[in-house]
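Listed here are the chains, written in short residue letters.
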Amino acid sequence: MIRESARFARSMAGKPYLNKEHSEFVLLSVGWKGNKYQHGIIFHIEIQNGLIHIYKDNTDIGIADQLAKDGIPKSSIVLSFLPRYIQEETEFATVAEPE
């Protein structure tokens with residue numbers, strides 16, 4: 001799924017960044033669309049303590065749903081862009097918020 005997203009993003013001036021040391025992946029949209037310059041995060045995920053943390057998801061497909069569809073248990077996916085009290089209302093994993 002990440003490779004497919006990276007291929008798609010390249011077609012729209014996307015730049016994938018992988019930090020293997022921290023098991024982190026960011027896909028950026030960078031470049032011109034018509035007369036407007038774009039620079040933004042398409043998605044940002046990190047594997048931490050055996051859980052996939054999704055920090056940002058500006059995709060049409062929904063990274064969490066796609067990962068679940070690809071066989072990753074929802075109990076291993078954290079919607080880290082949401083506060084814990086909202087995470088608890090989803091089918092996905094929750095983690096303690098930093099103090």
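Look above for the structure.
The rules behind the values
- Counting restarts for each chain, with residues numbered from 1 along the sequence as it is written.
- A pLDDT threshold of at least 70 governs which residues receive local features in this predicted model, and a stricter bar of 80 or more applies before side-chain atom pairs are shown or counted, although totals over entire chains, interfaces and linings include all residues.
- Heavy atoms throughout the structure, all of them, feed into the side-chain values; hydrogens and water do not.
- Paired strands, as defined in this entry, are two strands with at least two bridges between them according to DSSP.
- In this text, helices come from DSSP runs of H or I with a minimum length of four residues, and strands from runs of E with a minimum of two, each type numbered from the N-terminal end.
- Looking down the strands as they point away from the viewer, one classifies a crossover as right-handed if the path from the first strand across the helix to the second runs clockwise.

(A) Broad picture of the sheet that holds strand β5 (residues 77-78). In space, the 5 strands of this open sheet follow the order β1-β2-β3-β4-β5, with mixed pairing throughout. Strands with a single pairing partner mark the edges of an open sheet, and in this sheet they are β1 (14-19) and β5. Where strand β4 (residues 51-57) lies against β5, 2 bridges are found, and the strand directions are parallel. Each bridged residue has a counterpart across the sheet, and for Ile52 the counterpart in β5 is Ile77.

(B) Structural detail: the pairing of β4. Pairing analysis gives 6 bridges linking strand β3 (residues 36-48) to β4, with the strands arranged antiparallel. Each bridged residue has a counterpart across the sheet, and for Ile47 the counterpart in β4 is Ile52. In this structure, the hairpin formed by β3 and β4 is closed by a connection of 2 residues, where Asn49 is found at a positive phi of approximately 55 degrees. The parallel pair β4 and β5 is bridged by helix α2 (residues 63-69), and the resulting crossover is right-handed.

On their own, these measurements won't tell you what the molecule is for.
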